[in-house]
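Residue-level structural notes
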Protein chains: 2
Amino acid sequence: MDFPQNEGAGSQPPAAFKQAHFLRDVIFHGKLQLLKSPEENTRCRRGLYFQDGMRRVDYILTYHIKKSSSSRQHTSLLRDNAFTRTLRRGRAQPAPAAREETKAGSPNLCMDHHDDDKCLWREEFESNLVEMGLELERDEETKTPGVGFVKIHAPWSVLCREAEFMKLKMPTKKVYEVKHSSGVMEKINVFISKLTDPLHPNLEENRTQKVKHLSYPFSREKQHLFDLSDKDSFFDSKTRSLLVFEVLKRTKCTKAKFSMGITSLLGSGVYLAAYPLHDGDVDGENAEPNDRKLLYEEWASYSVFYKYQPTGLIRKYFGEKIGLYFAWLGVYTQMLIPASLVGVIVFLYGCLTVDDDIPSVEICDQRQNISMCPLCDRVCSYWNLSTACGTARASHLFDNPATVFFSIFMSLWAAFFMEHWKRRQMCLNYEWDLTGFEDEEDHPRAEYEFRIMQKSLKKGHKSQKPEREKLTCRDRFPAYMMNLIMMLLMIGVTFAIVFGVILYRISTKAALAMSSNPMTRSSARLTVKTTAAIINLLVILILDEVYGAVARWLTLLEVPKTDKSFEERLIFKTFILKFVNAFTPIIYIAFFRGRLGGHPGSYLYVFESYRMEECAHGGCLMELCIQLSITMLGKQLIQNNLFEIGVPKLKKLIRFIKSQRGSFQEKEYEKKLQRYETDHFLEPFAGLTPEYMEMIIQFGFVTLFVASFPLAPLFALLNNIIEIRLDAKKFVAELRRPDAARGKDIGIWYNILRGVTKVAVIVNAFVISFTSDFVPRLVYQYMYSPDGSMHGFVNHTLSYFNVSHFQNGTAPLEPFHLGFHVDICRYKDYRDPPWSETPYEISKEFWAVLAARLAFVIVFQNVVMLMSDVVDWIIPDIPKDISLQIHKEKILMMDLFMKEEPGKTQLEETSPSPHRNY
Amino acid sequence: MDFPQNEGAGSQPPAAFKQAHFLRDVIFHGKLQLLKSPEENTRCRRGLYFQDGMRRVDYILTYHIKKSSSSRQHTSLLRDNAFTRTLRRGRAQPAPAAREETKAGSPNLCMDHHDDDKCLWREEFESNLVEMGLELERDEETKTPGVGFVKIHAPWSVLCREAEFMKLKMPTKKVYEVKHSSGVMEKINVFISKLTDPLHPNLEENRTQKVKHLSYPFSREKQHLFDLSDKDSFFDSKTRSLLVFEVLKRTKCTKAKFSMGITSLLGSGVYLAAYPLHDGDVDGENAEPNDRKLLYEEWASYSVFYKYQPTGLIRKYFGEKIGLYFAWLGVYTQMLIPASLVGVIVFLYGCLTVDDDIPSVEICDQRQNISMCPLCDRVCSYWNLSTACGTARASHLFDNPATVFFSIFMSLWAAFFMEHWKRRQMCLNYEWDLTGFEDEEDHPRAEYEFRIMQKSLKKGHKSQKPEREKLTCRDRFPAYMMNLIMMLLMIGVTFAIVFGVILYRISTKAALAMSSNPMTRSSARLTVKTTAAIINLLVILILDEVYGAVARWLTLLEVPKTDKSFEERLIFKTFILKFVNAFTPIIYIAFFRGRLGGHPGSYLYVFESYRMEECAHGGCLMELCIQLSITMLGKQLIQNNLFEIGVPKLKKLIRFIKSQRGSFQEKEYEKKLQRYETDHFLEPFAGLTPEYMEMIIQFGFVTLFVASFPLAPLFALLNNIIEIRLDAKKFVAELRRPDAARGKDIGIWYNILRGVTKVAVIVNAFVISFTSDFVPRLVYQYMYSPDGSMHGFVNHTLSYFNVSHFQNGTAPLEPFHLGFHVDICRYKDYRDPPWSETPYEISKEFWAVLAARLAFVIVFQNVVMLMSDVVDWIIPDIPKDISLQIHKEKILMMDLFMKEEPGKTQLEETSPSPHRNY
């Protein structure tokens, strides 16, 4: 293949050519492969460069080929200039040269294939790309049958143009010193940084943070500001692919009935995939040093788990959005360290004080000899309170005053975390030169455009309105209704399943209790609890996957306009469903279990035969804690290990096997693959949503019920240390390189975090006041206790029941179980005794305790919310030194410009301008 | 005075000169006044232009002159170029020409005066200004003795440069059509706009809103984008002054020991004032049409009170910040209309249902004959409940279920208002081309720089550190402590005064009750209430002023770095003090009054002699309502009319009288004044803080206790209709033109509003549940009422007291006042009767009602907060059509640039560039 009209066309040969200048004549006449030097051959073989070995591949489009014929034409080189211009004009009157080209180029290939339409679209799209200044190279004879590759290279002029349009901030030549603080603070900082030195990854960038390049939106008119000595590396590979992607998004293919952008083309299968290339191999003998390898070694490895993440490098390689995700994950994990420390201390406090806890001592005291009312009808008998000693003591571990402190602490911790993240984000914005960047609205999604087209086609029959259609509420109504119904249905399913598990528990317990085998009876409680918890966990895990799929399907039904809106709607739905799924059983245990049971003599029956379940004597907090830990641990272990590690590996294997069906030796084969082919076999990047979602649900576990489970932060911390490296491995080694997306913040996730934090305050207030015994104890101590101590509290919380008042057939069959006749049995509730004027009515104590509980909720909620707001308000959103730096940068920039002014004025004077007419 | 070296210097004569080109030789040689045409003379006389009648005065600096000698040199013209350059060099070796100039110019004047230092600083500052390209003209022989004026004109090149630096978005030539909606919506919109047509002010701008100029940050390199055919009006007067002010802020005077900007110069009295000029006169026979006059007629007039405000014109004349204030005030006032409508309906509902209210009917029922316990010790006797009939009926007006609905409504209203404002703000940002604008950090304040200088001078003796000093925590500590102490003291003063008023009420009532005159005794309650309320109001008004001054003084003590920080700190302090001041008496009445009194037999005594006051039988809601309306109305009427109208007029008069001491005939004199002199006599602009503060306090009245006073929105609405025009008059006619400040939002005020809204939810929850009888009624109806109706409620709320249990000497002196012997009297409380086991203990009902009250608070607070969040979340922050327009603008801009590209590429090719070396 030769290189036509190069001299003739003249405009903008690629910048990368200059070094290869002397080789040009050799290369462009004759077979490329044969004439190349060995070194160039390697470069090219690795597929990171065009066949000429000079022009970088910035982006890859892949498409499907039915038949891999035409081995002769294994590369078709599309270049700017005469060729494409004529290609355009070609439709009207094709110039001879163009026609020749057209024969030799892609159209020829099209005829070979079945799906002509797609091929034509591709052809037009690609010629439009060439018109935009990009350079393309086609490669159809790859080792991968059935897949064609279009390699895209952006020459310097295109990069400059796009960078200018995007107002990309680039570092200028001007360098200034970053001063963090002065005097004593500086010394402390130096000391701290020396101390944390081993925690930093082994990267160059960390060493040279003392100076920073002033950055300024790139503009061709201000080229002199920038250091353009090395044009090849001025834009790094991530930026190059970003700029190319920008062109791709803007380019439309108008040949089809409606104009299609790259998203539509991908959506309709004209192209299979579009991705930028990874920088190189992560391992292997011939891997040169590159960012990807560096990341693999210094970040995506369990051996560096204790180190900070190289956020700068992550951002440099993956772009801002992914950089922000990992930075956020890092901050979150870091913040979990103090939280889990305090959590462990609180737990230990509970362990240490268990012997000083008067109520549990009283319960365990055999001498008290309190006869409790039976726990079930007929088959159960009276029981001695001291048998509940174990549960009571265990309860104290999680139900002590330290827990109240801990949940206030965690609420403030959450507020502080949000604030800290805001500041960190601001720092990153500054470091990454994103100040002043505004999120742009996305291009419409393919599905949306398709719907629009359908609609306008329908309308087109009636009227020829030139106006662009849009989806009205009426068009969307069915989808919205469907959404609403499905969401309610799904939530209903969750509730139903929780209720089912409850029924399972009640009925199994009743069945086991009636068993004749004493062993079965004694182990009933344990058996039921364990199986129920496992069922719950399994249901949660399965529904999680189902709900993810349902949410995606529902969002597709809605046909949101832009990717951003799609993502937000998807996130919203997924979040609600997954949240409800994860927390419904827990909320049931915390607030409803044991409260609906009624009291002796008038129990509540489900299906008229099963009594509602009650908590063990220690209160429901213990059971809440067990449920929480099982759900959290199980979810994390299974979802992380099984789903996140196993499934992608499996998928990759399947895809690999499918695509080749054993035509080559595998090892050999893999080595021979070009870079873009290797990347083709990687899993495509599916967005950060699942990663964030997992973390938010975990954040929910850490904050929502922290009052009942102070070890949650510790579990979360352990999980996250693994999670970071796991995700890192996935991103570096197992996924195609994602399109670099710019972003200033973590978007909707921040709001969701705020929402969770707010809900957490209320939930914790209710858990402390209603699930734990904290408030009743306080009330007893200050209102009823004769000596101001907790002695007598247990007795105070137990009401009296006259066994003669049992309903027909509910009295125990073995009333002498305890060895003596029981007249009055006790049960846990605040009710008037049988001998009062209003027997079994709610007592004054009940109302007093209720008022205290409610007052506690109000005080707790408002005090904590106020404190969070104060934290929010006291800590400035922008760190002081960053705002100073930004200010300084502005002044420096101004100085730079003012220095230029005299020259400019002269220039202005020499050039004739209309307002200077005398 | 002549015009030296004009031809010689050559750089940038002012653009405005081109029309006067032919006049140049005539004007510049000889006396100006004599040669001018009559028309030009008028222009100049009005003082809007330099003496040449061509160059606009964009800014004025005034300074103090001790002696008005030198009538010969009544103008000294400073111009750029050779003169100033030599002036700089002059210090080293003055060029002959420069020396000549120096003699003729300002230094000459300096010698005449006493304060040489100031004069030298001025001189340097002004020469620096000239160096920056500004053109100055001095006018010392004005009609205003003792004041010198420096007129500043910015030539075209300076305006362009500054606009480019500030990235000022200016309209380009490209025009596009603004489409708001399509189809049915469009028709509705057209209909609505026709309907509201008479409500729009009579301005051109409102007619031509169909098209909008694409705007783009001004850049000299992209001049071709802009319509520069009329350079004089390309930048309007507000923008010109903004640009000049920018230069002023940047220019430093380094002659003094430390570098001083314009703020320091103003602060140290080197200049008296700095202000831009108004566009012209608002009235008078020779007033030509100008924006100011238009604003005066179409906005600052009570006759147009029903119309929308011309926000676009306000912004054009005063800048964005003031435009935003009035837009906000407009939105707030508009939103008050539905609120006051609903408020009135709720009030009317109360009026209409007063006869159906069973409790008040029962109270008024003479047959019930309930003997109540005496209201004071000894002198008071038992009284019949039916005498409280009036209060009970009046109470119902404000204490009915509709009130609950209304306070939920108002909370949602507040959320909706915030959301609506956010959207409106976004619209304005779009209309005013502020999208993408970022707030810049201010320059340091003069006081701050002064402190820094002092500090570095002190340190300078010890070490010669070149580093710039800053104020550390230790420097600020005394001020912070002072702040804390003073704030606590002030709040303490407020509390003390409220307590004092309470004491006044209690003691006066006791004294009057003991009076022998029956007339005095009967009118005691009314007398005491009225006088107490008036005292309260007066105290609030006086303390308001005091607190304003204290807050300013405290903030000055703190020496904040920037104006923004100064303002925020000042606002924070003022807000807290004024808020506490306005709401303490109200909070006392709502939540404490009548709750601390104890019960018969064990009253609480203040100073061991006065019983704490109780509310009238109808509950405290009535009294709360009275106090609220008096405070609100009194505050608004007096502060608005007296302070806002009266005081500025008085000030102006005083200044006027002071400055002339009767040397001219007043009328004649005023006519002869130049524009800048007239403006000099106007009140300087003191910031928007007081305006906002007043409105926020009002917003507090409207939202905080709205449950007790549904007419508050109506009062606020009436006040605001006047307030808008009052403020408008003040800004247009009575204040110097403020410096145009750019701003995207109302800043800290938005957060304060959010805060007030949040607090309002909680306060309303408490008012409804604790101050009103709403919850007890519900509890009675659903828990205790025998027939589910309200019959018997009054009896249920009254406890029994056995009169034999009165403490010694507190029993009434006239026990037979009611005509029969009273054994058992009743009092309003939930306590056990004397015959129960625990006489006079808090009863079970009390706890039940308390629990219900608290539960109501929790439910109300969380439901309303959730609903507000939902409102916040459902309504997008950016209106749909605006986001579409912004997107469209971006695409249009991109198209525009892409169209230019081919030309640019050619240009690039012709010019030799380093990367094109083959």
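None of these values were measured; they are calculated from a predicted model.

**Side note on the overall build of chain A**
In terms of regular secondary structure, chain A is built from 34 helices and 15 strands. When burial is assessed residue by residue, chain A has 53% of its 918 residues classed as buried. Summarising the internal contacts of chain A: among those between residues at least 6 apart in sequence, 80% fall at separations of at least 24. For chain A, the computed accessible surface area is about 42200 Å², with 61% contributed by carbon and sulfur atoms.

**Some remarks on the state of the cysteines**
All names here are of chain A. For the structure shown, the criterion picks out four disulfides over all chains. Two residues share a disulfide in this structure: Cys373 and Cys825, whose sulfurs sit 1.8 Å from each other. Note on the Cys373 and Cys825 pair: the S-S dihedral is about 90 degrees, so by sign convention the disulfide is right-handed. Of this pair, Cys373 sits in the loop between β8 (371-372) and β9 (383-384) while Cys825 is found in strand β15 (residues 824-828), placing the two residues 452 residues apart along the sequence.

**Digging into the side chain of B:Glu320**
Residue and element names in this part refer to chain B. Mapped onto the secondary structure, Glu320 falls in helix α17 (residues 320-352). In this structure Glu320 comes out as buried when scored by relative accessible area, which is 4%. Residues contacting Glu320, with those up to four places away along its chain left out, are Lys238, Arg315, Trp432, Leu434, Ala741, Arg742 and Gly743.

**With respect to the packing of aromatic side chains**
Within the structure shown, the criterion is met by 98 aromatic pairs over all chains. Look at A:Phe583 and A:Phe701: their rings are 4.8 Å apart centre to centre, the planes differ by 40 degrees, and that puts the pair in the tilted class. Placement of the pair is A:Phe583 in helix α24 (residues 563-592) and A:Phe701 in helix α28 (residues 689-704), with a sequence separation of 118 residues. Judged by relative accessible area, A:Phe701 falls into the buried class, the value being 4%. Above the plane of the ring of A:Tyr800 lies A:Arg826, whose end atom (NZ or CZ) is 3.8 Å from the centre. Its guanidinium or amino end placed over the ring of B:Tyr430, B:Lys212 lies 4.8 Å from that ring's centre, counting from NZ or CZ.

**Considerations on the environment of B:Thr239**
Residues and elements named next belong to chain B. Along the chain, Thr239 falls in helix α13 (residues 237-250). For Thr239, a relative accessible area of 7% puts it in the buried group. Spatially, the C-alpha atom of Thr239 lies 9.3 Å from that of Leu168, the residues being 71 residues apart in sequence.

**Points about the packing of helix α9 (residues 156-165) of chain A against helix α12 (residues 237-250) of chain A**
In helix packing, the relevant descriptors are the interaxial angle and the interaxial distance, both defined with respect to the helix axes. All names here are of chain A. At their nearest, the axes of α9 and α12 sit 10 Å apart, and the two run at 80 degrees to each other. Taken together, the axes of α9 and α12 are roughly perpendicular relative to one another. Here Val158, Leu159, Arg161, Glu162, Ala163 and Phe165 of α9 lie close against α12, whose contacting residues are Arg240, Leu243, Glu246, Val247 and Arg250. When the residues that make up the contact of α9 with α12 are grouped by side-chain class, the tally is six nonpolar, no polar and five charged.

**Comments concerning the packing of helix α16 (residues 320-352) of chain A against helix α19 (residues 401-431) of chain A**
All names here are of chain A. Running from amino to carboxyl end, α16 crosses α19 at an angle of 160 degrees, the nearest separation of the two axes being 10 Å. Here α16 is positioned roughly antiparallel relative to α19, judged by the angle of their axes. The two elements α16 and α19 cross, and the hand of that crossing is right-handed. Grouping the amino acids of the contact of α16 with α19 by side-chain chemistry returns 21 nonpolar, four polar and one charged.

**What to know about unusual backbone geometry**
Most of the time, phi is negative for any residue but glycine, and the peptide bond is trans. All names here are of chain A. In this model, Asp433 sits at a positive phi of 55 degrees, which is unusual for a non-glycine residue. You can see Asp433 is positioned in the loop between α19 and α20 (446-460). Relative accessible area serves as the criterion here: at 16%, Asp433 is assigned to the buried category.

**Overview of a nonpolar patch on the surface**
A surface patch of nonpolar side chains, amounting to about 610 Å² of accessible area, comprises A:Val184, A:Met185, A:Ile188, A:Phe191, A:Ile192 and A:Leu195. Tracing the sequence through the fold places A:Ile192 in helix α10 (residues 184-195).

**Some points on the UniProt feature "transmembrane region" (unreviewed entry) in chain A**
All names here are of chain A. Per the UniProt annotation, the sites labelled "transmembrane region" (unreviewed entry) are residues 325-349, 402-418, 484-506, 526-550, 570-591 and 695-718. Helix makes up 100% of residues 484-506 and strand 0%, with an end-to-end C-alpha separation of 33 Å. The straight-line gap between the two end C-alpha atoms of residues 526-550 is 35 Å; of that span, 100% is helix and 0% is strand.

**Observations concerning α17(B)**
The end-to-end C-alpha distance of α17(B), which contains 33 residues, comes to 48 Å, matching closely the 48 Å that a straight helix rising 1.5 Å per residue would cover. Where α17(B) bends most, at B:Ile337, the angle is about 25 degrees, and the proline B:Pro338 comes one to four residues later.

**Topic: the pattern of salt bridges**
For the structure shown, the criterion picks out 67 salt bridges over all chains. Linking B:Asp829 and B:Arg831 is a salt bridge whose minimum nitrogen-to-oxygen distance equals 3.1 Å.

**Notes on the confidence of the model for chain A**
Residue and element names in this part refer to chain A. Averaged over chain A, the pLDDT score is 78; the fraction of residues at 70 or greater is 81%. Predicted confidence in chain A is weakest over helix α2 (residues 24-27), with a mean pLDDT of 36, and strongest over α16, with 93. Scored below 50 in pLDDT, residues 1-41 shows 63 contacts in the model against residues more than four places distant or in partner chains. The low-confidence segment residues 907-918 (pLDDT under 50) makes 13 contacts with residues lying over four places distant or belonging to another chain.

**Focus on the nonpolar core**
Formed by 226 residues in total, the largest nonpolar core has its most connected members in A:Tyr332, A:Phe705, B:Tyr332 and B:Phe705. Sequence-distant contacts of A:Tyr332, that is, excluding residues within four places in its chain, are made with A:Trp413, A:Phe417, A:Met695, A:Gln698, A:Phe699, A:Val702, A:Ala716 and A:Asn720.

**With respect to the side chain of A:Glu362**
All names here are of chain A. Its location among the elements puts Glu362 in helix α17 (residues 358-364). An unpaired buried charge is present at Glu362: no salt bridge exists, and Arg367, the closest side chain of opposite charge, is 9.5 Å distant. Those residues in contact with Glu362, other than ones at most four positions away along the chain, are Gln368, Met790, His791, Gly792, Phe793 and Val794.

**Overview of the environment of A:Leu682**
Residue and element names in this part refer to chain A. Checked against the element boundaries, Leu682 lands in the loop between α27 (675-680) and α28. Along the primary structure Leu682 and Lys649 are separated by 33 residues, whereas in three dimensions their C-alpha atoms are 9.9 Å apart. Beyond its immediate chain neighbours, meaning those up to four positions away, Leu682 contacts His278, Arg292, Lys652, Arg655, Ala733, Glu734, Leu735 and Arg736.

**Section: the environment of A:Ile886**
All names here are of chain A. Mapping Ile886 onto the fold places it in helix α34 (residues 880-910). Residue classification places Ile886 among the buried positions, given a relative accessible area of 19%. For the pair Ile886 and Tyr430, spaced 456 residues apart in the sequence, the C-alpha separation amounts to 7.6 Å. Excluding anything up to four places from it in sequence, Ile886 contacts Met426, Tyr430 and Thr435.

**Comments concerning helix α21 (residues 473-514) of chain A**
With 42 residues, α21(A) extends 59 Å from end C-alpha to end C-alpha; this agrees with the ideal 62 Å at 1.5 Å per step. Where α21(A) bends most, at A:Ala479, the angle is about 25 degrees.

About the thresholds
Residues numbered from 1 in each chain as written. Chains lettered and ligands numbered in written order. Predicted model: local features only at pLDDT ≥ 70, side-chain atom pairs only at ≥ 80, totals over all residues. Heavy atoms only, no water. Helix = DSSP H or I, 4+ residues; strand = E, 2+ residues; numbered from the N terminus. Buried < 20%, exposed > 50% of the residue type's maximum accessible area, 1.4 Å probe, protein only. Contact = heavy atoms within 4.5 Å. Areas by Shrake-Rupley, 256 points an atom, 1.4 Å probe, with all protein chains shown as cover. Disulfide = S-S within 2.5 Å. Phe/Tyr/Trp six-rings, centres within 6.5 Å; stacked < 30°, edge-to-face > 60°. Lys NZ or Arg CZ within 6 Å of the ring centre and 35° of its normal. Axes fitted to C-alpha atoms, helices over the stretch in contact; angles between N-to-C directions. Parallel < 35°, antiparallel > 145°, perpendicular 65-115°, else oblique. Nonpolar A, V, L, I, M, F, W, Y, C, P; charged D, E, K, R; others polar. Left-handed = near helix turned anticlockwise from the far one by under 90°. Patch = residues over 30% accessible without salt bridge, like charges linked within 9 Å, V, L, I, M, F, W, Y side chains within 5 Å. Salt bridge = Lys/Arg side-chain N within 4 Å of Asp/Glu carboxyl O. UniProt positions renumbered as here; feature names shortened; annotations may be inferred. Expected span 1.5 Å × (residues − 1). Bend = angle between axes of the 7 residues up to and from the residue. pLDDT = per-residue confidence, 0-100. Core = buried A, V, L, I, M, F, W, Y, C linked by side-chain atoms within 4.5 Å. Lys, Arg positive; Asp, Glu negative; His and termini not counted.

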